[in-house]
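Given next are the chains, with one letter for each unit.
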Amino acid sequence: MSKSLVIYYSLQGHTKRVAEMISSKTSADVFRIELEEDYNLGTVLDVSKQHIKNQYKPILKSSNLNFDDYDHIIIGTPVWWYTYVAPIRSFLQNHSLKGKTVRFFSTHAGANGSTFTDLEELTIGAKIREPRGFYTYENFSWDTIENEVNNWLDE
Ligand SMILES: Cc1cc2nc3c(=O)[nH]c(=O)nc-3n(C[C@H](O)[C@H](O)[C@H](O)COP(=O)(O)O)c2cc1C
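Just so it is clear, the model here is predicted, and its values are computed rather than measured.

1. Thoughts on the overall build of the chain
Part 1: The helix and strand tally for the chain stands at five helices and six strands.
Part 2: In sequence order, the chain lays out its α and β elements as β-α-β-α-β-α-β-α-β-β-α.
Part 3: Computed over the C-alpha atoms, the radius of gyration of the chain is 15 Å, within 12% of the 15 Å expected from 2.2 N^0.38 for a compact globule of 155 residues.
Part 4: Taking the principal axes of the C-alpha coordinates as reference, the chain spans close to 45 × 35 × 25 Å.
Part 5: Split into buried and exposed, the 155 residues of the chain put 29% on the buried side.
Part 6: In the chain, of all internal contacts separated by at least 6 residues, the share reaching a separation of at least 24 is 81%.

2. Some words on the packing of helix H1 (residues 14-26) against helix H5 (residues 142-154)
Between two packed helices, both the angle of their axes relative to each other and the distance between the axes serve to describe the pair.
Part 1: H5 packs onto H1 with a crossing angle of 50 degrees between their chain directions and a minimal axis gap of 10 Å. In this view, H1 runs oblique relative to H5, as classed from their interaxial angle. Both H1 and H5 take part in a crossing whose hand is right-handed. Counted together, Val 18, Met 21, Ile 22, Lys 25 and Thr 26 of H1 and Ile 145, Glu 146, Val 149, Asn 150 and Leu 153 of H5 form the full contact between these two elements.
Part 2: Residue classes in the contact of H1 with H5 are distributed as six nonpolar, two polar and two charged.

3. Some words on helix H3 (residues 86-94)
Part 1: For H3, every residue scored as buried is listed here: Ala 86, Pro 87, Ile 88, Arg 89 and Phe 91.
Part 2: At its buried positions, H3 is contacted by strand S1 (4-8), helix H2 (44-53) and strand S3 (72-78).

4. Notes on the nonpolar core
Part 1: Ranked by internal contacts, the top residues of the largest apolar core, which has 27 residues, are Val 6, Ile 7, Ile 22 and Ile 74.
Part 2: Every element with two or more residues in this core is listed here: S1, H1, S3, H3, strand S4 (101-108) and helix H4 (115-120).
Part 3: Here this core takes four residues from S1, the largest share from any one element.

5. A closer look at the site of the ligand
Part 1: Around the ligand, 22 residues are found, and the nearest of them are Ser 10, Gln 12, Thr 15, Pro 78 and Thr 107.
Part 2: Secondary-structure elements contributing two or more residues to the shell around the ligand are H1, H2 and S4.
Part 3: Taken together, the residues of the shell around the ligand break down into 10 nonpolar, 11 polar and one charged.

6. Let's talk about the pairing of S4
Part 1: Most of S4 sits out of view: six of its eight residues are buried.
Part 2: After leaving S3, the chain enters H3 and then returns to the sheet as S4, a path that is right-handed.
Part 3: When S4 meets strand S5 (residues 127-128), the two strands line up parallel, connected through two bridges. The residue bridging Val 102 from the neighbouring strand is Ile 128, located in S5.

Reading the values: the criteria
- Here, residues in each chain are numbered from 1, in the same order as that chain's written sequence.
- This being a predicted model, a pLDDT of at least 70 is required before a residue's local features are given, and a value of 80 or more before pairs of side-chain atoms are given or counted; all residues contribute to the totals for chains, interfaces and linings.
- Helix and strand labels come from DSSP, where a helix needs a run of H or I of at least four residues and a strand needs a run of E of at least two; each type is numbered from the N terminus.
- Only the C-alpha atoms count toward the radius of gyration. The rule for a globule is 2.2 Å times the residue count to the power 0.38.
- Neighbour counting defines burial: a residue surrounded by 20 or more other C-beta atoms within 10 Å of its own C-beta is buried, one with 12 or fewer is exposed, and intermediate counts give partly exposed, using backbone-placed C-beta atoms.
- For the purpose of contact definition, each residue receives a C-beta atom placed from its backbone, and two residues are in contact when these atoms lie within 7 Å.
- Convention adopted: a line fitted to C-alpha atoms gives each axis, helices being fitted over their contacting stretch, and angles between N-to-C directions are expressed from 0 to 180 degrees.
- Note that the term roughly parallel is reserved for angles under 35 degrees, roughly antiparallel for angles over 145, roughly perpendicular for angles of 65 to 115, and oblique for everything else.
- If you view the pair so one helix is near and one far, a crossing is left-handed when the near helix is turned anticlockwise from the far one by less than a right angle, and right-handed when it is turned clockwise.
- When residue character is reported, Ala, Val, Leu, Ile, Met, Phe, Trp, Tyr, Cys and Pro are called nonpolar, Asp, Glu, Lys and Arg charged, and the others, Gly included, polar.
- By convention the nonpolar core is taken to be a set of buried residues drawn from Ala, Val, Leu, Ile, Met, Phe, Trp, Tyr and Cys and joined through C-beta atoms within 7 Å.
- Contact assignment follows one rule, namely that a residue is near a molecule or strand if its backbone-placed C-beta atom lies within 6 Å of it.
- Consider the strands pointing away from the viewer: the crossover is right-handed when the path from the first strand over the helix to the second runs clockwise.
- Two strands qualify as a pair provided DSSP detects at least 2 bridges between them.

Spatial relationships are all this shows, so hold off on functional conclusions.
Below, the structure is given as structure tokens:
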């Protein structure tokens, strides 16, 4: 039977919450990408900008994830500086998506930028399904996001 895994990084909780919605709808397992030294809100604007510019790969906490067990992978990222966050780059460096079915999602404040086309460059040999961005800024509602998540997964 096909097994699904939702993988995400989240600093402020929005991407985490969407990952949990997806998991409860699909019964997918969930894996949170964690850094040895996480970003902090005081410096994240500058530090993340440098990390993106330099294609830096921050060191992840070790884990017991059995990635090979899963054939459907859903990957969530906040949008930082119009693209995906550096911890996703670290993760995908060590976990090949070749042969897997992959869906990406983002959470963002209105400017998704090149997030999905940039991510797709990292997925040689994967079967990519339609990605989806979820707006989490002024006047957003979790009910709206939940509907959007359900519609997306039903596509
Ligand atoms: C360093 C930084 C850069 C950001 N850059 C963007 C951006 O380029 N476009 C955008 O729409 N939102 C941007 N945002 C907003 C986040 O994408 C949004 O708040 C997201 O939901 C945060 O996810 P999280 O709560 O899981 O960490 C940025 C936020 C931070 C902290």
